[in-house]
Amino acid sequence: MTAQDVENLIRQGEGYSIEFKKSTMAITKDVYETVCAFSNRDGGHILLGVKDNGETPGVDKASLEQMKKDFVTAINNPQKINPPLYLTIEEYVLDGKTVICIYVPSGTQVCRCGNRIFDRNNDSDIDITDNAHLVYQLYARKEDSYYVNKVFLHYGINDL
């Protein structure tokens with residue numbers, strides 16, 4: 001991804017697979033809820049240092065390295081995110097301001113954040129933990145994905 005790609009994401013605005021977080025000096029709790037929701041749905045990009053309206057205050061340069069360390073520590077802590085995730089953090093400089101971009105792919109397992117289950121709906125992260133029907137649908141969707149990926153990986157075009 002390039003700085004131009006990040007600028008294009010910002011121009012698109014928040015939505016189903018793009019989330020902006022101001023998080024200028026520290027990573028806020030809701031960032032992890034979005035990680036969980038994106039993992040449970042179709043994946044997406046989280047941009048830190050960007051306000052909801054697309055304004056880019058950027059991440060405080062003195063806080064940047066600590067924010068990256070805190071994020072990596074948290075997503076590998078099963079008490080925070082379960083199952084732990086391996087995600088990369090990329091830095092981009094836009095008009096002299098640093099933006100952190102985190103890409104979260106769709107997971108093969110149901111992800112929890114602090115023992116709560118979040119799912120993505122439009123541009124919101126919804127806590128569905130107490131809604132048995134939505135939790136069931138999420139597990140069924142993940143099971144179908146796992147089944148298709150596991151079984152059909154062994155077949156090629158020549159097998160048809």
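To start, this report covers the structure provided alongside it.

What counts and how
- Residues numbered from 1 in each chain as written.
- Predicted model: local features only at pLDDT ≥ 70, side-chain atom pairs only at ≥ 80, totals over all residues.
- Heavy atoms only, no water.
- Helix = DSSP H or I, 4+ residues; strand = E, 2+ residues; numbered from the N terminus.
- Buried < 20%, exposed > 50% of the residue type's maximum accessible area, 1.4 Å probe, protein only.
- Polar contact = N/O pair within 3.5 Å; in protein donor to acceptor, adjacent residues only side chain to side chain.
- Contact = heavy atoms within 4.5 Å.
- Pairing = 2+ DSSP bridges.
- Axes fitted to C-alpha atoms, helices over the stretch in contact; angles between N-to-C directions.

Some words on the side chain of aspartate 119
The residue aspartate 119 is located in strand β7 (residues 118-121) in this model. The exposure class of aspartate 119 is buried, given its relative accessible area of 8%. Among the polar contacts listed, one links the side chain of aspartate 119 to the side chain of arginine 41, at a separation of 2.8 Å. Not counting chain neighbours up to four residues away, the residues in contact with aspartate 119 comprise Ala37, Asn40, Arg41, Ser124, Asp125, Ile126, Ile128 and Arg141.

Focus: the sheet that holds strand β2 (residues 44-48)
Within the open sheet, the four strands sit side by side as β1-β2-β5-β4. Their pairing is mixed. In the strand order of this sheet, the two ends are held by β1 (18-21) and β4 (89-94), each with one partner. Sheet twist, expressed as the average angle between the axes of neighbouring strands with direction ignored, equals 25°. The pairing of β2 with strand β5 (residues 97-104) spans five bridges and is classified as antiparallel. Within the sheet, the bridge partner assigned to isoleucine 46 lies in β5 and is isoleucine 102. Docked against the sheet, helix α2 (residues 29-40) engages β1, β2 and β5, running at close to 165° with respect to β2. On the sheet, helix α3 (residues 64-75) packs against β2, β4 and β5 and is oriented at approximately 150° with respect to β4.

Function cannot be inferred from these measures alone, as they are strictly geometric.
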